[in-house]
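This is what each chain is made of:
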Amino acid sequence: MKIGIIGTGSIGTVLAEAMLTSAVIERENLFLFNRTIEKAAQLKKNFPGTTVCTSVKDVLKNAQLIFVCLRQTDLKPVLESIAPFLTSEHCVLSTASAVSIKQMESVLPCPCGKVIPSVTNTALAGGILYSFGQRCGQDWQRDIKNVLESISGVALEIDDRTVRAASDLTGCGPAFFSKMAVMYAEEAAAYGLSKNQAEELAFHMMIGLGELLKQKKWSLEMLTERTAAKGGVTARGLTVIDAEAGELFSSLCSMTQKKAAEDRKEASALFGINN
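Residues numbered from 1 in each chain as written. Predicted model: local features only at pLDDT ≥ 70, side-chain atom pairs only at ≥ 80, totals over all residues. Heavy atoms only, no water.

As recorded in an unreviewed UniProt entry, the chain goes by Competence protein ComER and comes from Domibacillus enclensis.

Right under this line is the structure:
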């Protein structure tokens, strides 16, 4: 199978790097296009053998599975521009979470779907989300799942009603938890550690946490129980989290849901079709 990526910004680069690192696709079978050609050229420099196309039409001539990695405001014009060159042999996957497959199908004549990657996929880890439209047959579903499972720790099928909550955990989660680790390290530095020491310890704590969960095959709840000895410092600290962190995450999820609603409204106006 030959794969095309239209848009090699942050999300397109994540997908390209993950596919090439995992070797789920041969380099000569990956075709890239970006409006600013230098971004696609950088991927080719890092992964010689890939092809940088000078137009989206060239991508479609060479590849069957097409990932369109664009902001939703840019998505519809691009979909309209590629529609005349698509056939039933193509399948188009968008990474714009707020644009529904129904909206994509209103513009495109081929099978459609949605993929929500995470920066963790560049390490062939973390979660990746996907959903399929009604035109997407079993063969396409099988091939797409094979690609996504090869570049992630878990590939999860999701629908539009829950995609925001799921992508908060898979896509936004690395940024959220990294930010909290930095803030935690800054507080620890107030008690005598240098800033560099604190951040280095937080960094390796997060790496160790992931390895421990992976190797021991513990759940998050099990790790909490095994770490927090009754009456100890960790157990005392958990009481603070229980008392105060709930409001933080409530506000965080409420804010992302609000932004998602705004994005869906914008997508409905752009496509002239409600989600």
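Trainee: Just checking my understanding: could you explain the packing of helix 4 (residues 72-82) against helix 10 (residues 233-271) for this structure?
Mentor: Packed helices, taken two at a time, are described by their axes: the angle between them and the distance between them. Where helix 4 contacts helix 10, the axes come no closer than 10 Å and their chain directions differ by 25°. Accordingly, the angle class assigned to the pair helix 4 and helix 10 is roughly parallel. Between helix 4 and helix 10 lies a crossing of right-handed hand. Two secondary-structure elements touch here, helix 4 through Q72, T73, L75, K76 and L79 and helix 10 through D263, E266, A267, L270 and F271. Considering only residue class, the contact of helix 4 with helix 10 consists of five nonpolar, two polar and three charged. (Axes fitted to C-alpha atoms, helices over the stretch in contact; angles between N-to-C directions. Helix = DSSP H or I, 4+ residues; strand = E, 2+ residues; numbered from the N terminus. Parallel < 35°, antiparallel > 145°, perpendicular 65-115°, else oblique. Left-handed = near helix turned anticlockwise from the far one by under 90°. Contact = heavy atoms within 4.5 Å. Nonpolar A, V, L, I, M, F, W, Y, C, P; charged D, E, K, R; others polar.)

Trainee: Which parts of the structure should I look at to understand the UniProt feature "domain: Pyrroline-5-carboxylate reductase catalytic N-terminal" (unreviewed entry) in the chain?
Mentor: The sites that UniProt annotates as "domain: Pyrroline-5-carboxylate reductase catalytic N-terminal" (unreviewed entry) are residues 2-96. Counting secondary structure, residues 2-96 comes out at 43% helix and 19% strand; the distance between its end C-alpha atoms is 22 Å. (UniProt positions renumbered as here; feature names shortened; annotations may be inferred.)

Trainee: Is there a simple way to think about unusual backbone geometry in this case?
Mentor: Apart from glycine, the bulk of residues carry a negative phi angle, and the bulk of peptide bonds sit in the trans form. Phi at A23 is positive, roughly 65°, even though this residue is not glycine. In this fold, A23 is placed in the loop between helix 1 (10-22) and strand 2 (30-33). Phi is positive for L124, close to 55°, though the residue is something other than glycine. In this fold, L124 is placed in the loop between strand 6 (112-116) and strand 7 (127-132).

Trainee: Sorry if this is basic, but what is going on with the pairing of strand 7 here?
Mentor: Every regular strand shows the same layout, with side chains that alternate between the two sheet faces. Counting buried residues in strand 7 gives six out of six residues, a clear majority hidden from the surface. Strand direction decides the pairing type here: strand 6 and strand 7, joined by four bridges, are antiparallel. Of the residues in strand 7, the one forming a bridge with K114 is S131. Here strand 7 pairs with strand 8 (residues 154-157) via four bridges, running parallel. Residue G127 lies in a different strand from strand 8, and its bridge partner there is V154. Handedness of the strand 7-helix 6 (residues 138-150)-strand 8 crossover: right-handed. (Buried < 20%, exposed > 50% of the residue type's maximum accessible area, 1.4 Å probe, protein only. Pairing = 2+ DSSP bridges. Right-handed = clockwise from strand over helix to strand, strands pointing away.)

Trainee: What is the right way to read the packing of aromatic side chains from this model?
Mentor: Aromatic rings in a pair are described by how distant their centres are and how their planes are angled relative to each other. Within the structure shown, the criterion is met by two aromatic pairs. With a centroid separation of 6.4 Å and 25° between ring planes, the pair formed by F177 and F249 is classed as stacked. Pair noted here: F177 is in helix 7 (residues 163-189) and F249 is in helix 10, with a separation of 72 residues, a long-range link. For F177, a relative accessible area of 48% gives the class partly exposed. (Phe/Tyr/Trp six-rings, centres within 6.5 Å; stacked < 30°, edge-to-face > 60°.)

Trainee: Is there a simple way to explain the packing of helix 7 against helix 10 in this structure?
Mentor: In the contact formed by helix 7 and helix 10, the axes pass within 11 Å of each other and the chain directions differ by 125°. On the basis of their axis angle, the class for helix 7 and helix 10 is oblique. In terms of crossing hand, the pair formed by helix 7 and helix 10 is right-handed. In this structure, helix 7 uses R164, A165, D168, F176 and M180 to contact helix 10, whose residues at the interface are L248, F249, L252, C253, T256, Q257 and A260. Looking at the contact of helix 7 with helix 10 residue by residue, the class counts come to eight nonpolar, two polar and two charged.

Trainee: Quick question: what am I supposed to make of the UniProt feature "domain: Pyrroline-5-carboxylate reductase dimerisation" (unreviewed entry) in the chain here?
Mentor: The UniProt record annotates "domain: Pyrroline-5-carboxylate reductase dimerisation" (unreviewed entry) at residues 162-261. As annotated, residues 162-261 comprises 86% helix and 0% strand, and the C-alpha atoms at either end are separated by 12 Å.

Trainee: Please explain the nonpolar core as it appears in this structure.
Mentor: Membership of the largest hydrophobic core comes to 29 residues, with the highest contact counts inside it found for F67 and I144. Elements represented by at least two residues in this core include exactly strand 1 (3-6), helix 1, strand 2, helix 2 (37-46), strand 4 (65-68), strand 5 (91-94), strand 7 and helix 6. The greatest single-element share of this core, amounting to five residues, is contributed by helix 1. Ranked by size, the runner-up nonpolar core spans 27 residues in total, among them I6, A96, V99 and I101. (Core = buried A, V, L, I, M, F, W, Y, C linked by side-chain atoms within 4.5 Å.)

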